[in-house]
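One-letter residues, chain by chain:
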Amino acid sequence: MGKYQELARKIVENVGGKENINGLTHCITRLRFKLKNEEKANDEILKNMDGIVTVMRAGGQYQVVIGNHVPVVFEEVIKAGNLTFDEAVSTEKMRPFDMLIDGISGCFQPFLAILAAGGMIRGLTAFLVFLGAFDRGSGTFVMFDNIGDSVFQFMPVIIGLTAARKFKVNEFVGMLLGAALMNPSLSLEALSGAAEAPLTTIFSGTIFEAPIYQTVFGIPWIARNYVSSVIPIIFIVLLASQIQKPIKKLVPEMIANFFVPFFTVLITMPLGFLLVGPAFTFATDILMAGFETLLALSPVIYGAIVGFFWQILVMFGLHWAIVPMGLMQFSVNGWQNIMTPVAVVSFGQTAALTALYFKLRNPKDKAIAIPAIVSGIVGITEPAIYGFTLPRKKIFIFTCVGGALGGAYSGLMNLTSWNQGGLGIFTIPNYIRPDGDLTDVINVLIGIAIAMVVSFALTFFFWKEEAGETDDRQKRSGKEIVKTPIQGQIAPLNAAKDAAFAQGTLGRGILIYPEKGEVRAPFDGTVMTLFPTKHAIGMVSEAGLELLIHVGLDTVQLEGKYFESLVQQGERVKQGDLLLRFDKKKIEKEGYSLETPVIVTNYMDYLDILENQGETVGPDDALITALT
């Protein structure tokens, strides 16, 4: 059991168990429980656990202070307590763009291992056929090949479940919506077979041409085949999550268990068949037409473009515009070359992360990078993308370049896959030709090598860890000065009302009582963390000093109200730049204290931390001096 899993298990046990948890959220440093009976929580046991800084009772919450890895612990606590999404809700608020990525990735992440397993089974089956263990026509091949293929065939049902969890819909409702999409009686073949001729055809002569065999309440029903589809079910479940909200309010609680699912499905699924499914199918058709045009124009250009943009398409879930093309091509010919540029892309991610590993300075980052590299080798690149390369945007672009060059080579050599499924190294057996010829295996290995060498070299030679760069001037002076981010009165940190700050468990620093609702950059550096509720911001200086500015106590509960951010996470700023605005009067009127801790979280990296000894600080005053 991993250390976070064990920690989560002990946390749930010592807050009184699942049955004592009414709700769970998290902020930038702590888990915030709502307990039925706080007296059941074992304060001393929790305080003395490795991985827990301290525990507190404040604002009607039982708070377990974890530190900056709280999101990971939050997810493990959900699993350890088997909490429902009504009980465990993150306080995080995201912009629409981020919500889209989060929604799609959240639907896939729970079953990525099973998705990989299905592909690996098919790849292993093909490899055993190559070795002569059995024939393609044998019962052994048919059984195992179809076992591996099942996860792809029944994708709408699986995603119906994960999307329901993500969007807080009854899980069985999500599965039913997915199953309805796959019902053979509702497929295009079934509807067309039951009719002598279509009633009409819409969008004739375009890529959207669709025969209409049935109408529903007089509305044309654009029948489609949704086997193995992905995008429609996600948005159908999202629609269901919005439809069920007013239904829950209207249906009496006594009969809610029966009639909320009844009305949710009854309203959602017809809209899914008539509007949502066709709309996203048409969107996929547009992308398919574009890729077909590129492939016909030049296989090399096609391979380069697909290789460059594949990871971006995956992030948005739009990569499924290419997958159906490969599936159709394979079903007709017994081989496909539409998806082959993709085979090399994940290896570029893995190589870039390997190069990054040698350049990382933070031991914790290096430790996390190792399992992400192993994961990438077997084709699961999400840990590398979201944990390392995407936050460091330049490296992500480097991997796209590596993927483009590897993809271009695959197009040049007309790389052909003779099987489907498998990720990472397990995709290589797909390129064994039925007659045993290894030409395509050799070419896919060369394409992989190109993507890896380019991605590794660009990262190793042209990327540097800017947040950890050392300022030679400050090194020579032996100190780093932190200017005040907020004007106001100051006090020692041990005077804080919040015990976690007062005891110095989160770092060393000082308190500010703001006179003005502005937070300015205290040095040249990078915004390392900007919590979605905007009440706290973490920065790292060019010399590596890590600073947390936490505006007010328990202001996370305002959920961003009265706060305005003027910067984004990852943005570089100059000393004096305006970072945040907050409405001082309205926050205080809501009953919140604006006592603001400003702390150096990596104070152990310095000989000493010296705080300003005055009573007030102005814009250009030194607030903290860190001795190196």
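The protein chain appears in an unreviewed UniProt entry as PTS system sucrose-specific EIIBCA component from Enterococcus lactis. Under the heading Function (unreviewed entry), UniProt records this for the protein chain: "The phosphoenolpyruvate-dependent sugar phosphotransferase system (sugar PTS), a major carbohydrate active transport system, catalyzes the phosphorylation of incoming sugar substrates concomitantly with their translocation across the cell membrane. This system is involved in sucrose transport."

Trainee: Can you help me understand the overall build of the protein chain in this one?
Mentor: Within the protein chain, the regular secondary structure consists of 21 helices and 22 strands. Expressed as a percentage of the 628 residues in the protein chain, the buried residues total 49%. Relative to all contacts within the protein chain whose residues are 6 or more apart in sequence, the contacts with residues 24 or more apart total 70%. Put simply, the protein chain shows about 29,400 Å² of open surface, and 61% of that area lies on carbon and sulfur atoms.

Trainee: Hey, could you run me through the packing of aromatic side chains in this one?
Mentor: Centre-to-centre distance and the angle between the planes together describe a pair of aromatic rings. With the rule as written, the count across this model stands at eleven aromatic pairs. Ring centres of Phe-456 and Phe-460 lie 5.7 Å apart, and the angle between their planes is 10°; on these two criteria the pair is classed as stacked. Of this pair, Phe-456 and Phe-460 are both found in helix 18 (residues 439-462), four residues apart, which corresponds to roughly one turn of the helix. Overall, Phe-456 belongs to the partly exposed group, its relative accessible area being 28%. Judged by relative accessible area, which is 32%, Phe-460 ranks as partly exposed. The structure contains a cluster of three or more aromatic residues connected by ring pairs, namely Trp-221, Tyr-226 and Phe-273.

Trainee: So what exactly am I meant to see when it comes to the packing of helix 7 (residues 155-167) against helix 10 (residues 231-250) here?
Mentor: A pair of packed helices can be characterised by two numbers: the angle between their axes and the separation between those axes. The contact between helix 7 and helix 10 brings their axes to 9 Å, and the two run at 40°. Crossing of helix 7 against helix 10: the hand is right-handed. Here Pro-156, Ile-159, Gly-160, Ala-163, Ala-164 and Phe-167 of helix 7 lie close against helix 10, whose contacting residues are Ile-233, Ile-234, Val-237, Leu-238 and Ser-241. Looking at the contact of helix 7 with helix 10 residue by residue, the classes come out as nine nonpolar, two polar and no charged.

Trainee: Whenever I open this one, the packing of helix 8 (residues 171-182) against helix 10 confuses me. Can you help?
Mentor: With their axes 10 Å apart at the nearest point, helix 8 and helix 10 run at an angle of 135° to one another. The angle between helix 8 and helix 10 falls in the class oblique. The chirality of how helix 8 crosses helix 10 is right-handed. Contact residues: helix 8 offers Gly-174, Leu-177, Gly-178 and Leu-181, while helix 10 offers Ile-233, Ile-236, Val-237 and Ala-240.

Trainee: Explain the pattern of salt bridges here, please?
Mentor: Opposite charge on two side chains permits pairing when their charged atoms draw close. Inspection of the entire model under this criterion finds 14 salt bridges. The shortest N-O distance in the salt bridge between Glu-6 and Lys-10 comes to 3.9 Å. Within this pair, Glu-6 and its partner Lys-10 are both found in helix 1 (residues 3-14), separated by four residues, close to a single helical turn. By relative accessible area, which is 25% here, Glu-6 ends up partly exposed. For Arg-520, the salt bridge is made with Glu-518, and the minimal N-O distance between the two is 3.2 Å. Residue class for Arg-520 comes out partly exposed when judged on its relative accessible area of 33%. If you follow the salt bridges from partner to partner, you end up with Glu-6, Arg-9, Lys-10 and Glu-13 in one network.

Trainee: Would you take a moment to explain the environment of Ile-425 for this structure?
Mentor: Along the chain, the position of Ile-425 falls in the loop between helix 17 (393-412) and helix 18. Accessibility expressed as a relative area gives 36% for Ile-425, which makes it partly exposed. With 79 residues separating them in the primary sequence, Ile-425 and Ser-346 have C-alpha atoms 9.7 Å apart.

Trainee: Quick question: what am I supposed to make of helix 1 here?
Mentor: Turn by turn, an α-helix covers 3.6 residues, leaving residues three or four places apart pointing in a common direction. Helix length check: helix 1, at twelve residues, gives a terminal C-alpha distance of 16 Å against a target of 16 Å (1.5 Å per residue), a fit within 8%. Within helix 1 the residues assigned to the buried category are Leu-7, Ala-8, Ile-11, Val-12 and Asn-14. As for helix 1, its buried residues are in contact with strand 2 (30-35), helix 2 (43-47) and helix 3 (70-80).

Trainee: Help me out: how do you make sense of the pairing of strand 14 (residues 536-541) in this one?
Mentor: In the case of a regular strand, side chains alternate between the two sheet surfaces. Burial analysis of strand 14 places six of its six residues in the buried class, which makes it a mostly covered element. Residues Ala-536, Gly-538 and Val-540 line one face of strand 14 and the alternating positions Ile-537, Met-539 and Ser-541 line the opposite face, and both faces are buried. Looking at chain direction, strand 13 (residues 525-530) and strand 14 are connected through five bridges and run antiparallel. Its bridge partner being in strand 14, Val-527 is matched across the sheet by Met-539. Pairing geometry for strand 14 and strand 15 (residues 546-550), over five bridges, is antiparallel. Bridged to Ala-536 within strand 15 is His-550. Once strand 14 ends, the chain turns through four residues before running back antiparallel as strand 15, passing Gly-544 with a positive phi of about 100°.

Trainee: Even after reading the chapter, I still don't get a nonpolar patch on the surface, so can you show me in this structure?
Mentor: Taken together, the side chains of Met-254, Ile-255, Phe-258, Phe-259, Phe-262, Phe-263, Leu-266, Ile-267, Leu-271 and Leu-275 make up a nonpolar region of the molecular surface, amounting to roughly 1,000 Å² of accessible area. Relative to the helices and strands, Phe-258 resides in helix 11 (residues 256-297). Using a relative accessible area of 65% as the deciding quantity, one classes Phe-258 as exposed.

Trainee: What exactly am I supposed to notice about the sheet that holds strand 22 (residues 622-627) here?
Mentor: Strand pairing in a sheet relies on backbone hydrogen bonds, with the paired strands running either antiparallel or parallel. As summarised here, the arrangement of the three strands in space is 9-22-20, forming an open sheet in which the pairing is antiparallel. Each edge of the open sheet carries a strand with a single partner, namely strand 9 (479-483) and strand 20 (608-611). On average, each strand axis in the sheet is inclined to that of its neighbour by 20°, with strand direction left out of account. Strand direction decides the pairing type here: strand 20 and strand 22, joined by four bridges, are antiparallel. Across the sheet, the residue bridging to Ile-609 is Ala-626, located in strand 22.

Trainee: What should I look at first to understand the sheet that holds strand 18 (residues 578-582) in this one?
Mentor: Reading across from one edge, 12-18-16 is the order of the three strands in this open sheet, with antiparallel pairing throughout. Two strands close off the open sheet at either side, each with one partner strand: strand 12 (518-520) and strand 16 (563-565). Between one strand axis and the next, the sheet turns through 15° on average, direction left out of account. Pairing of strand 12 with strand 18, which is carried by three bridges, proceeds in the antiparallel orientation. Bridge pairing in strand 18 places Arg-520 opposite Leu-578.

Definitions and limits used
Residues numbered from 1 in each chain as written. Predicted model: local features only at pLDDT ≥ 70, side-chain atom pairs only at ≥ 80, totals over all residues. Heavy atoms only, no water. UniProt positions renumbered as here; feature names shortened; annotations may be inferred. Helix = DSSP H or I, 4+ residues; strand = E, 2+ residues; numbered from the N terminus. Buried < 20%, exposed > 50% of the residue type's maximum accessible area, 1.4 Å probe, protein only. Contact = heavy atoms within 4.5 Å. Areas by Shrake-Rupley, 256 points an atom, 1.4 Å probe, with all protein chains shown as cover. Phe/Tyr/Trp six-rings, centres within 6.5 Å; stacked < 30°, edge-to-face > 60°. Axes fitted to C-alpha atoms, helices over the stretch in contact; angles between N-to-C directions. Left-handed = near helix turned anticlockwise from the far one by under 90°. Nonpolar A, V, L, I, M, F, W, Y, C, P; charged D, E, K, R; others polar. Parallel < 35°, antiparallel > 145°, perpendicular 65-115°, else oblique. Salt bridge = Lys/Arg side-chain N within 4 Å of Asp/Glu carboxyl O. Expected span 1.5 Å × (residues − 1). Pairing = 2+ DSSP bridges. Patch = residues over 30% accessible without salt bridge, like charges linked within 9 Å, V, L, I, M, F, W, Y side chains within 5 Å.

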